[in-house]
Amino acid sequence: MERIIIESDVLIIGGGTAGCYAAITLGERTDLKVAVVEKADIRRSGCLAAGVNALNAYITKGHQPIDYVRYAAKDAEGIVREDLLLDICERLNHVTEDLESRGLTILKDENGEYVSRGWRNLKINGENIKPILAKEVRCQKNVSVYEHVNVTDLRYESDQVSGAYGFGIGDGIFYEFRAKAVLIATGGAAGMYRPNNPEKDPHQMWYCPFNTGAGYSMGILAGAEMTTFEMRFIALRCKDTIAPTGTIAQGIGAKQINAADEVYEEKYGLTTSERLWGTVSENLAGRGPCYLKTRGIDSAHEEDLYKAYLNMAPLQTLKWIDSEKNPSRYDVEIEGTEPYVTGGHTGSGYWIDRERATTLKGLFAAGDVAGGAPQKYVTGALAEGEIAAEGILRYLKDHGSVEKKSTALSRQAKEKKEEYETYLGQNGIFSAEQLEIRMQKLMDEYAGGIKTSYQYSEAGLKVAEEGIDDLLKEWKQISVTDIDELLAVYELRDRLVVSKVLIHHLRERKETRWHSFQENADHREKDTQYECYINSVYTGEGVRMLRRKLVKAGEE
Amino acid sequence: MGVVIDQNKCIGCGSCMRICPGNLIRTNAEGKAYLKKERDCWSCTSCMKECPVKAIALVLSPEMGGRGAKFVISKKEKKICWTAYRDQEVIREIITDPEESNKY
């Protein structure tokens, strides 16, 4: 492998929503040298590749940021970092207006006011949201973007992070990134569990399938503290295509009904997890399939729905047309997805302080990879990118000393390069894909996947953990024919590491805090002694669990 | 399944390969693009939006209830025209405008 060393003041790993916005913030406000490293192309990478048609976190007139904090806290059964959420909520409207000024289309009324969907959502055309962000990043003179480079590990000594290692996906070059501060913004983790369309279309999933938990994994392996992995996210989606349901449910007010046409949602409660749990329960009771009641909408509404889905999940529009089962004549069937770990929707992620500093010195986190602030969504990720950028600036004032320049690879870098080179051309018995299928089967059957209607037991978790531990050993003997397979190998590692930590979190919460998201069959009820955060640290030998007291808004 | 690339139309410009968020598209010995990992497509259609010669179509696989229709897109200034075909016949055409917001 050829090698290259990239030196900067700030390294941003991941050019998605949070990473791009942090880069824009640092670009516009400072002269710092910033490097953004991205696995794909920042114009279409990460969760928003296909687009998005609502901003789900906005403070509408008559409401305050604290209202959103209270709402998110209630939806998460109290397990949130109110301090982190409040910081985000205070910036939601500012980042929204800023994005509009950069070219995002937001629906307005005749008075020029935003049109809201409910009290906290705005309607937009976000098909081009990533191209807009990417363009803004590229026009920053002090920001360099390294695309098609996959970062696998952090560069660190004792507990100080000073860069990262990766390889070029097209060219196979070894990269050593050196920086005074690192922002991790890789997104969350999909693909640990067997998905809805496992045979030929495993990636027709809700979350971005290319978000493999790399950010979690590299932090876990470096000893960073993680929080609330056990609050998994499971989306309620349109059957088969796994397209969003919010546009139908909130946009046209369609209710969730069972096969007997009964509205069942009130029976189970209206939090995000309860809406899913209701659907699961109706199916288990033999009253499924379940639907969103769209029958009877007029043709103009139907045409608008077609367009809305083309701007975020075009497969659903194709399904309506291809099947000739229009939503005006047929209700839209819904189902739950496989579980994901993602801090944009739940509290899973790095344990951070209000500066967005992780427990590793020099490492900051923002967006889906950062924990404690569920329901941050797109605008929350933008806000958190900005907060983290400001946190980094303050950190650099005290820690800006320059490392002695050296053109030689560090010892750790040499080891990492050798690791890649060993895998390249390795002739093993199995491929990454084969082991991935095994991992997904284990997690599905023994760690609360679709197969068991999301329930898990301690006995099952033990089987899952033993299986994952075996795979973590077999992973090192995989066949790697080319750079694309090397990428697949590290994506598998990331998912295995996240799975292992997730199993520990699920086991530690000996209650059922969130139906379906964390449905512990050995402990069916909520238990007040678990009104705390469940955190974890990987020590090299195992996963050490710890509990932390809840933080309320306004407390330090 | 997701997207299908028509190699007879492909001019080998590499745009789709660069934009794919999953790094799934590669070129063959003739320089034509192909989906190297068909199972791994997310159907995000980023490649279709980049392709200058409409060589890429979105297809719903039989596993998800697909019956053979496909979407092809063409750009009209900033607007995107989504044309659905069954066999060779156009069955639907929808135009989306980036300046027109979702109404839901």
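Some thoughts on the overall build of chain B
A tally of regular secondary structure across chain B gives 2 helices and 7 strands. The N-to-C order of helical and strand elements in chain B reads β-α-β-β-α-β-β-β-β. The C-alpha atoms of chain B give a radius of gyration of 14 Å, which matches the 13 Å a tight globule of 104 residues would have. Expressed as lengths along the three principal axes of its C-alpha atoms, the size of chain B is roughly 45 × 30 × 25 Å. Relative to its full complement of 104 residues, chain B shows a buried share of 53%.

As for the sheet that holds strand 21 (residues 543-548) of chain A
Each strand in a sheet pairs with another by means of backbone hydrogen bonds, the pair being arranged parallel or else antiparallel. All names here are of chain A. An order of 16-11-20-21 is seen for the 4 strands of this open sheet, with the pairing classed as antiparallel. For this open sheet the edge positions go to strand 16 (349-350) and strand 21, each flanked by a neighbour on one side alone. Where helix 16 (residues 483-508) meets the sheet, its contacts fall on strand 11 (225-227), strand 20 (533-538) and strand 21, and the angle it forms with strand 21 comes to roughly 45°.

Focus: unusual backbone geometry
Residue and element names in this part refer to chain A. Following G288, the chain continues to P289 via a peptide bond in cis, the omega torsion being -5°. Here P289 lies in the loop between helix 9 (272-284) and strand 14 (291-292). For S516, which is not a glycine, the phi torsion comes out positive at approximately 70°. By relative accessible area, which is 1% here, S516 ends up buried.

Section: the side chain of D444(A)
All names here are of chain A. For D444, the position within the fold is in helix 14 (residues 432-446). Although D444 lies buried, it forms no salt bridge, and the closest oppositely charged side chain, R194, sits 4.9 Å away as judged by the N-O distance. A polar contact of 3.1 Å, which involves the side chain of D444, links it to the backbone nitrogen of K451. With sequence-adjacent residues up to four places away left out, D444 is seen in contact with Y193, R194, G449, I450, K451 and T452.

A few points about the interface of chain A and chain B
In this assembly, 66 residues from chain A lie in contact with 52 residues from chain B. For the pair chain A and chain B, the summed buried surface comes to about 5000 Å²; carbon and sulfur atoms form 53% of the total. In terms of surface lost to chain B, no three residues of chain A exceed F210(A), L318(A) and D322(A), which account for 13% of the buried area on that side. We note a salt bridge from E127(A) to K49(B), for which the minimum N-O separation is 2.6 Å. At the boundary of chain A and chain B, one finds 35 residue pairs in polar contact (both at pLDDT 80 or more). Of all the elements in the fold, those that place two or more residues in the side of chain A that touches chain B are strand 4 (105-106), strand 6 (121-125), helix 10 (299-310), helix 11 (314-323), helix 14 and helix 16 of chain A. Taken together, the residues of the side of chain A that touches chain B break down into 28 nonpolar, 17 polar and 21 charged.

Observations concerning helix 11 of chain A
In terms of burial, helix 11 of chain A is largely enclosed, as 10 of its 10 residues are buried. Regarding helix 11 of chain A, the residues found buried are P314(A), L315(A), Q316(A), T317(A), L318(A), K319(A), W320(A), I321(A), D322(A) and S323(A).

Focus on the environment of Q140(A)
Take Q140(A): it is sitting in the loop between helix 5 (129-138) and strand 7 (143-146). If near-sequence neighbours (up to four positions away) are discounted, Q140(A) is found in contact with A23(A), I24(A), G27(A) and E28(A).

Let's talk about the domain arrangement of chain A
All names here are of chain A. By domain assignment, chain A separates into domain 1 (3-233 + 340-398), domain 2 (236-336) and domain 3 (411-529). One C-alpha centre belongs to domain 1, the other to domain 3; they are set 23 Å apart. For the pair domain 1 and domain 3, the two sides together bury roughly 3700 Å², of which 63% comes from carbon and sulfur. Of all residues in domain 1, Y193, E230 and R232 give up the largest surface area on contact with domain 3, accounting jointly for 20% of the area buried on that side. Taken together, the connections running from domain 1 to domain 3 amount to 5 salt bridges. Put simply, K526 and E77 hold a salt bridge, and the shortest N to O gap is 2.6 Å. For the pair domain 1 and domain 3, the interface holds 24 residue pairs in polar contact (both at pLDDT 80 or more). For the side of domain 1 that touches domain 3, the class distribution of residues is 22 nonpolar, 13 polar and 9 charged.

As for the pairing of strand 8 (residues 149-157) of chain A
All names here are of chain A. Burial runs high along strand 8: 7 of the 9 residues are buried. Where strand 8 and strand 9 (residues 160-168) come together, 8 bridges link them in antiparallel fashion. In the strand pairing of strand 9, L154 is matched with A164. What sits between strand 8 and strand 9 in their antiparallel hairpin is a turn of 2 residues, with S158 showing a positive phi close to 40°.

Structural notes on the pattern of salt bridges
All names here are of chain A. A complete count under the given rule lists 65 salt bridges over all chains for this structure. Note that E7 and R178 form a salt bridge whose closest N and O atoms lie 3.3 Å from each other. Taken together, the positions of E7 in strand 1 (residues 3-13) and R178 in strand 10 (residues 174-184) put the pair 171 residues apart, joining distant regions of the chain. Between D98 and R102 there is a salt bridge, with its nearest N and O atoms 2.9 Å apart. Using a relative accessible area of 17% as the deciding quantity, one classes R102 as buried.

Some points on the sheet that holds strand 13 (residues 256-257) of chain A
Residues and elements named next belong to chain A. Taken in spatial order, the 4 strands line up as 12-15-14-13 in an open sheet, and their pairing is antiparallel. Edge positions in the sheet fall to strand 12 (236-238) and strand 13, since each has one partner strand and no second. Relative to strand 14, strand 13 runs antiparallel, the two being bridged by 2 bridges. Residue Q256 lies in a different strand from strand 14, and its bridge partner there is L292.

So, the environment of V537(A)
Residues and elements named next belong to chain A. Note that V537 resides in strand 20. Note on V537: relative accessible area 11%, which makes it buried. Along the backbone, V537 and A459 are 78 residues apart, and their C-alpha atoms lie at a distance of 23 Å. Here V537 is in contact with G223, A224, E225, G542, V543, R544 and L546, once residues within four sequence places are set aside.

How each quantity is defined
Residues numbered from 1 in each chain as written. Chains lettered and ligands numbered in written order. Predicted model: local features only at pLDDT ≥ 70, side-chain atom pairs only at ≥ 80, totals over all residues. Heavy atoms only, no water. Helix = DSSP H or I, 4+ residues; strand = E, 2+ residues; numbered from the N terminus. Rg over C-alpha atoms; globule rule 2.2 N^0.38 Å. Buried < 20%, exposed > 50% of the residue type's maximum accessible area, 1.4 Å probe, protein only. Pairing = 2+ DSSP bridges. Contact = heavy atoms within 4.5 Å. Axes fitted to C-alpha atoms, helices over the stretch in contact; angles between N-to-C directions. Lys, Arg positive; Asp, Glu negative; His and termini not counted. Salt bridge = Lys/Arg side-chain N within 4 Å of Asp/Glu carboxyl O. Polar contact = N/O pair within 3.5 Å; in protein donor to acceptor, adjacent residues only side chain to side chain. Buried area = accessible area lost by both parts, 1.4 Å probe. Nonpolar A, V, L, I, M, F, W, Y, C, P; charged D, E, K, R; others polar. Domains from an automatic or database assignment.

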